[in-house]
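Per-entry structural report
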Amino acid sequence: MTVTNGKEVSLEYTLKLDDNSVVDSNVGGEPLRVTQGSHQIIPGLEKALEGMAVGEKKQITVTPPEGYGAVDPKAFQEVDKNLVPPDSRAVGTQLQAKTADGRKVFPRVSEVKTDTIVLDFNHPLAGKTLHFDVKVLDVVQAQPSK
């Protein structure tokens, strides 16, 4: 059976960046289970899985437009330094906050200035080319949702 729309796919994967650093991997752990065509994963990966067979391995490169998008300059926000806890005022620190409508957001500290802090609300992998090593472990007909 091959990966086609509507099939439940079990995957083993390792995700690396251009510098070969490993961002994520489930090798030796629980497989990633997705329903092909349901947009549960980034578009470039979903497209590349189409037609793969059980046991097949593939190296897949996903560019930003098919991954997490380009870095959006409008996703940077400068805030008063006092709004950020003192122990979190370091570049790269991941913060958690809530928007006015109650959604959770996870900005990263991009820059620390004298009186303000620049927060980056882009996805951490925005603007990055992603390199996946994937192996299809299983393909079954997806169960209808109830």
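Each remark here, short or long, concerns the structure printed above.
Scope of this entry: the structure provided in the associated data block. (Residues numbered from 1 in each chain as written. Predicted model: local features only at pLDDT ≥ 70, side-chain atom pairs only at ≥ 80, totals over all residues. Heavy atoms only, no water.)

1. Focus on the environment of Asp 101
- Positionally, Asp 101 belongs in the loop between strand E6 (97–98) and strand E7 (104–105).
- Judged by relative accessible area, Asp 101 falls into the exposed class, the value being 60%.
- Of the polar contacts made by the side chain of Asp 101, one reaches the side chain of Thr 99; its length is 2.3 Å. (Helix = DSSP H or I, 4+ residues; strand = E, 2+ residues; numbered from the N terminus. Buried < 20%, exposed > 50% of the residue type's maximum accessible area, 1.4 Å probe, protein only. Polar contact = N/O pair within 3.5 Å; in protein donor to acceptor, adjacent residues only side chain to side chain.)

2. Quick look at the pattern of salt bridges
- Under the definition given, this model contains five salt bridges.
- The salt bridge partner of Glu 78 is Lys 113, with a shortest N-O separation of 3.4 Å. With Glu 78 in strand E5 (residues 76–80) and Lys 113 in the loop between strand E8 (108–112) and strand E9 (116–120), this residue pair connects regions lying 35 residues apart in the sequence.
- On the accessibility criterion, Lys 113 (32% relative accessible area) is partly exposed.
- For Asp 101, the salt bridge is made with Arg 103, and the minimal N-O distance between the two is 3.8 Å. Judged on exposure class, the residue Asp 101 and its partner Arg 103 are both exposed. (Salt bridge = Lys/Arg side-chain N within 4 Å of Asp/Glu carboxyl O.)

Everything listed is a geometric property; what it means functionally is a separate question.
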